[in-house]
Amino acid sequence: MMDVPAPSTADDEIITDTGSRSRPHQSPAGHPGAASRRRPVHLPTATYRVQFHAGFPFKAGLEIADYMARLGVSDLYASPIFQARRGSNHGYDVVDPNTINSELGGEDDFFVLSDKLRDLGLGWIQDFVPNHMAFDAQNSYLMDILENGPESPYYQFFDIEWDHPYESIRGKLLAPFLGSFYGDILENGEIKLNYNMGGLFVSYYDHRYPLKIESYPDVLSRKLPKLRQTLGSKHPDFVKFLGIIAFIRNLPEEQHTSERRALIAFIKAMLWELYSNDPTIRDAIDEAVESYNGKPGDRESFNDLDHLLDQQFFRLSYWRAGTEELNYRRFFTVNDLISLRMEDPKVFRSTHRLTLRLLKEGRFSGIRLDHIDGLYDPTSYLRRLRDAAPKSYIVVEKILEGHEDLPNEWPIQGTTGYGFLNAVAGVLVDDSKAEDFTRAYVAFTDFTRPYDELVLQKKRLIIGQHMAGDIDNLAHILKRVAGRFRYGNDLTLYSLRRSMVEILALFPVYRTYFNAHHLSGPDVVLFRSVIDRCKETLPERSKELDFIQRLVLREGEEQLSEDERKQIAHFTMKLQQFTGPLMAKGVEDTVFYIYNRLISLNEVGGDPSHFGMSAPAFHAFNQRRAETWPHEMTTTSTHDTKRGEDVRARISVLSEIPDDWQGYLDTFREINDALRDPSLTRDIPDSNDEYFLYQTILGCAPFGGRIDDTFVQRIREYAQKAVREAKIHTAWIKPDDEYEREYDRFVQAILRDGEDNEFLPEFRRLLAKVEHYGLFNSLSQVLLKLASPGVPDFYQGCEMWDLSLVDPDNRRPVNFQHRKDTLDFIEWRMKESPTGLAAELLDSRIDGRIKMFLTHRGLLARKASPSLFREGAYIPLEVKGRFAKSVVAFARRSGSEWAIAVAPRLLTRVVHTDQLPLGPEIWADTEVALPEGAPTLWTDALLGSERTLAGPTAEAGLLLEHLPVALLTAKSEP
């Protein structure tokens, strides 16, 4: 089953727009990934992310297919659609990657939707999970391993350390899902032996684990004397029953896997037939099974079940044991997501069989790869995938730090766009107010810990409390390697582990990409710098640090044997697999809930210690993308973002008004201090959590501050999640009931809408201000996404206002009928009076139609000039005049095609809350310099009108006369 041949790659040429052909991984410049970044047959114009689940299956997708096409996107971008755990609302807990999820409608409904999309000219970008699957009874691969051990064809399928140093899990897979200690759970009778058509298994509530076939005789023979007495020794069914037991006891020790599986299937079928047809045998088996389950209060009655469990290929354990003793790699720190050994070509072929078929058939036009950094060797994986799908659009979920870039050798189109998300969020923040804003934060919270110091502290916390078992496994690998060398012989397990912890904690990026054949220059420099820093913080371990550097960078490798090289490479690859999860859990899932200065900057892939981004820096970022990865996604909201795009845009307004913000904070504190319980010995919430809460409700409060029970419940749930993620006063693994209870009471009290609540009127005054400017921030954000280099991605529902928080809040149902009706209205009114429509939409801007209008019109402009926005050069435009710092403007050019984008920012210095940022009177002498060689006749892509730009500059007030953003297109004369 695992040796299914890989799909044919004979037709492995990439066809470019010019009709030229190039072989993957080859280019005249010698750039390994350059060929695959040239335009494939299908390159999206824009994508629309849809979260499929049982409540929104393929049939629901069919209902919005026409809407997506009319909106202007080119591709549906689907959440994972392969068979996931029953009831999954996200699809990342895959149990069978070669079956379309039955809860979504299965293969039949998938084909109907796929055909509909193809008829509409839409592609399908599929989110694919190469790193892990669900640790669940529905995972037949994993259950086969637990039943058959080394005889399973999937024994090496998952990233399991079978030869673990700890004897208790050597040769067994740890199953850390018990709610308490194993002995207590066992003697409480919560673990039970069962039998059904599939055979013998033990259950713990919803968890099920099959027994190996060799254990069956112990159970089945338990009631043999009674069965012989009842049926008689010559009864045909009794003889068959005896034969089954003898057959199992005499299974050949060495046997071809397929033959063994056939024999076991035959044995199980015979046993089930006897059980189903003979009541006497059924009663005997039921009694035998029940006799193992013991009686709570009688410890000795559980000895047999304990002994039976000890024989299996799994070991049941307390879930907390998974943080300290573990013999499999997880997705991050999630016990029930077990990682795959995707570096094995057999595993690749087995898990990609359906995906590659659908790519070859044109059902999928591209792939989005989840958590690429979790793979053993991402570079080799991507090359294998590119060879199998040479014409597909491929992007990876990858977080880059600062000026870090993707490895040049990756044969893909780029990332899913977190870099752009943080750049556009940054340019909407007033970086000149950093000191004033920090002063307000410190004054309210007394929080002064430097960001880098906090990151280091929390990464150490994650290592100690959540990843100790993972780190121990790495340390044992390193110790085995060290024992091979005279200069590593005296390095102890403790000293090597301590040194490795320091390296992991100080690692400044998600991961490096060394593999058995390649050491990249930038990664070498990075690793040396990490070792140097470790020697400063851990000078007593310099010998160990030098040894690890020597291994990872292969210094003196020419003196090593081939086996030694393999062991060193293996350690290096395993080490790299854990730097990413540590960064994600330590920073995104911990620090981002503690360092709360301006939480619109606390976003996946962001660095909130950098307070915003200047317009020149934003231009430099976009130019670099245009030159290196012009076809990667540009996104502003995803299923993983900490806040919806409009929440961030609204919160960022605070960066412009630090004095007002500080004044309101003082007022909020004065009002709400009375809500605390004076009998407590600590403030709940503490000032930092309180500060976080005020920003949160400002960001996601309904327009006009209309607080209802649904909103209050959302904030209550989010507040609990946030303080648990912060891990200061409470945590997921050890909740503090008092802190959570009192914080919840505080949240409900400040949001209670009554005359005696003095907070809400003050809050609503501030909300009215940030809401006004936040709307225009959001529109600028949309325009910048539409016009910047890359493929704009729209998360479901975000074409109108989206005030969601982190998942599951951002997976709430989307009212697509309302969006269809809104698009109907926009298309109808555009035919009648575009400027009238613009005025109407601005007057009613809180209803979100203005955002859909901008999205729709911008997407139509991209469709009309695809090469301009795909390959066009990026040209920053100088802005002059009184409000020069409040405008971001740039041009795009491809041959004779041109576009100009103008997006306001920092509008609190431009207009009051009763004004719109429109017209010459508002923008005064602010002008946008036009690019050299630009034509004079332009089309307003949003309103459809013609306009002439004859001078070297254009007045910002005329460009922004009817709408608060501008997108112009033109063609120059031949």
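Note that the structure is a prediction, hence the values are computed from the model and not measured. (Residues numbered from 1 in each chain as written. Predicted model: local features only at pLDDT ≥ 70, side-chain atom pairs only at ≥ 80, totals over all residues. Heavy atoms only, no water.)

1. Description of the environment of proline 964
Phase 1 of the analysis: Within the fold, proline 964 resides in the loop between helix H34 (956–959) and strand S29 (966–971).
Phase 2 of the analysis: Considered as a pair, proline 964 and alanine 901 are 63 residues apart in the sequence and their alpha carbons are 11 Å apart.
Phase 3 of the analysis: Once you skip the residues sitting within four places of it in the chain, proline 964 turns out to touch Phe776, Leu779, Leu842, Pro904, Pro917 and Leu918. (Helix = DSSP H or I, 4+ residues; strand = E, 2+ residues; numbered from the N terminus. Contact = heavy atoms within 4.5 Å.)

2. Considering helix H26 (residues 709–726)
Phase 1 of the analysis: With 18 residues, H26 should cover 26 Å at 1.5 Å per step; its first-to-last C-alpha distance of 26 Å lies within 8% of that length.
Phase 2 of the analysis: Taken as a whole, H26 has its buried residues at Phe711, Val712, Arg714, Ile715, Tyr718, Ala719, Lys721, Ala722, Val723, Arg724, Glu725 and Ala726.
Phase 3 of the analysis: Buried positions along H26 lie against helix H25 (687–700) and helix H27 (737–750).
Phase 4 of the analysis: Count one or two residues on from H26 and you reach lysine 727, which has phi positive near 60 degrees. (Expected span 1.5 Å × (residues − 1). Buried < 20%, exposed > 50% of the residue type's maximum accessible area, 1.4 Å probe, protein only.)

3. Some words on the sheet that holds strand S16 (residues 366–369)
Phase 1 of the analysis: Pairing in this open sheet of 8 strands is parallel, and the strands run S18-S17-S16-S7-S4-S3-S20-S19 from one edge to the other. The open sheet is flanked by strand S18 (414–415) and strand S19 (633–635), the only strands paired with a single partner.
Phase 2 of the analysis: Sheet topology note: the strand S17 (residues 393–396)/S18 ladder contains 2 bridges and is parallel. Across the sheet, the residue bridging to valine 395 is glycine 414, located in S18. (Pairing = 2+ DSSP bridges.)

4. Some words on the side chain of threonine 636
Phase 1 of the analysis: If you trace the backbone, threonine 636 turns up in the loop between S19 and helix H23 (645–651).
Phase 2 of the analysis: Judged by its relative accessible area of 0%, threonine 636 is buried.
Phase 3 of the analysis: A distance of 2.9 Å separates polar atoms of two side chains, one belonging to threonine 636 and the other to lysine 785.
Phase 4 of the analysis: Excluding residues that lie within four positions of it along the chain, threonine 636 makes contacts with Phe420, Leu421, Val424, Glu645, Arg648, Gln781, Lys785 and Asp793. (Polar contact = N/O pair within 3.5 Å; in protein donor to acceptor, adjacent residues only side chain to side chain.)

5. Overview of the packing of helix H29 (residues 816–832) against helix H31 (residues 849–864)
Phase 1 of the analysis: Following both chains from N to C, one finds H29 and H31 inclined at 70 degrees, their axes separated by 10 Å at the closest point. By the angle between their directions, the pair H29 and H31 is classed as roughly perpendicular. The interaxial crossing formed by H29 with H31 has right-handed handedness. Taking contact as the criterion, the partners of Arg819, Thr822, Leu823, Phe825, Ile826, Glu827 and Met830 in H29 are, on H31, Arg849, Met852, Phe853, His856 and Arg857.
Phase 2 of the analysis: Residues belonging to the contact of H29 with H31 are distributed by class as follows: 6 nonpolar, 2 polar and 4 charged. (Axes fitted to C-alpha atoms, helices over the stretch in contact; angles between N-to-C directions. Parallel < 35°, antiparallel > 145°, perpendicular 65-115°, else oblique. Left-handed = near helix turned anticlockwise from the far one by under 90°. Nonpolar A, V, L, I, M, F, W, Y, C, P; charged D, E, K, R; others polar.)

6. Some words on the pattern of salt bridges
Phase 1 of the analysis: Within this structure, the stated rule accounts for 67 salt bridges.
Phase 2 of the analysis: Residue lysine 116 is joined to aspartate 66 by a salt bridge in which the shortest nitrogen-to-oxygen separation is 3.2 Å. Placement of the pair is lysine 116 in helix H3 (residues 106–119) and aspartate 66 in helix H2 (residues 58–71), with a sequence separation of 50 residues.
Phase 3 of the analysis: Accessibility expressed as a relative area gives 27% for lysine 116, which makes it partly exposed.
Phase 4 of the analysis: On the basis of relative accessibility, which here comes to 36%, the residue aspartate 66 falls in the partly exposed class.
Phase 5 of the analysis: Between arginine 625 and glutamate 632 there is a salt bridge; the shortest N-O distance is 3.0 Å.
Phase 6 of the analysis: On the accessibility criterion, arginine 625 (5% relative accessible area) is buried.
Phase 7 of the analysis: Salt bridges sharing common partners tie together Arg49, Asp127, Arg368, Asp370 and Glu397. (Salt bridge = Lys/Arg side-chain N within 4 Å of Asp/Glu carboxyl O.)

7. Points about the sheet that holds strand S12 (residues 207–210)
Phase 1 of the analysis: As summarised here, the arrangement of the 3 strands in space is S10-S11-S12, forming an open sheet in which the pairing is antiparallel. One side of each edge strand has no neighbouring strand; the edge strands of this open sheet are strand S10 (191–196) and S12. This sheet shows a mean twist of 30 degrees between the axes of neighbouring strands, independent of strand direction.
Phase 2 of the analysis: With 6 bridges connecting them, S10 and strand S11 (residues 199–204) associate as antiparallel partners. Opposite asparagine 194, over in S11, you have phenylalanine 201 as the bridge partner.
Phase 3 of the analysis: On the sheet, helix H10 (residues 279–292) packs against S10 and S11 and is oriented at approximately 165 degrees with respect to S10.

8. Here we look at the side chain of glutamine 83
Phase 1 of the analysis: Tracing the backbone shows glutamine 83 in strand S5 (residues 82–84).
Phase 2 of the analysis: Among the polar contacts listed, one links the side chain of glutamine 83 to the side chain of asparagine 101, at a separation of 3.3 Å.
Phase 3 of the analysis: Leave out the neighbours within four places in its chain, and glutamine 83 touches Val94, Val95, Asp96, Thr99, Ile100, Asn101 and Ser102.

9. Some remarks on the pairing of S17
Phase 1 of the analysis: Across the two faces of S17 the burial is the same, with Tyr393 and Val395 and Ile394 and Val396 all buried.
Phase 2 of the analysis: Relative to S17, S16 runs parallel, the two being bridged by 4 bridges. Residue pairing in the sheet places isoleucine 367 in a bridge with isoleucine 394 of S17.
Phase 3 of the analysis: Traced from S16 through helix H13 (residues 378–388) to S17, the parallel crossover comes out right-handed. (Right-handed = clockwise from strand over helix to strand, strands pointing away.)

10. Remarks on the environment of glutamate 161
Phase 1 of the analysis: By the secondary structure assignment, glutamate 161 is in the loop between helix H4 (140–148) and strand S9 (173–178).
Phase 2 of the analysis: We classify glutamate 161 as partly exposed; its relative accessible area is 25%.
Phase 3 of the analysis: For the pair glutamate 161 and phenylalanine 514, spaced 353 residues apart in the sequence, the C-alpha separation amounts to 22 Å.
Phase 4 of the analysis: Beyond its immediate sequence surroundings of up to four residues, glutamate 161 is in contact with Asn327 and Arg480.
Phase 5 of the analysis: For glutamate 161, the side chain forms a polar contact with the main-chain nitrogen of aspartate 163, separated by 3.3 Å.

11. Quick notes on the confidence of the model for the protein
Phase 1 of the analysis: Looking at the protein, pLDDT values average 93 and 95% of them are 70 or higher.
Phase 2 of the analysis: Every residue in residues 1–32 is under pLDDT 50, and counting partners more than four places away or in other chains gives 70 contacts. (pLDDT = per-residue confidence, 0-100.)

12. Quick notes on the pairing of S11
Phase 1 of the analysis: The buried count for S11 comes to 6 of 6 residues, which makes it a mostly enclosed element.
Phase 2 of the analysis: Where S10 hands over to S11, the hairpin turn is made up of 2 residues, counted between the paired strands.
Phase 3 of the analysis: As paired elements, S11 and S12 share 4 bridges and run antiparallel to each other. Opposite phenylalanine 201, over in S12, you have proline 210 as the bridge partner.
Phase 4 of the analysis: The antiparallel pairing of S11 with S12 creates a hairpin that spans 2 residues between the two strands, and tyrosine 205 there sits at a positive phi of about 55 degrees.

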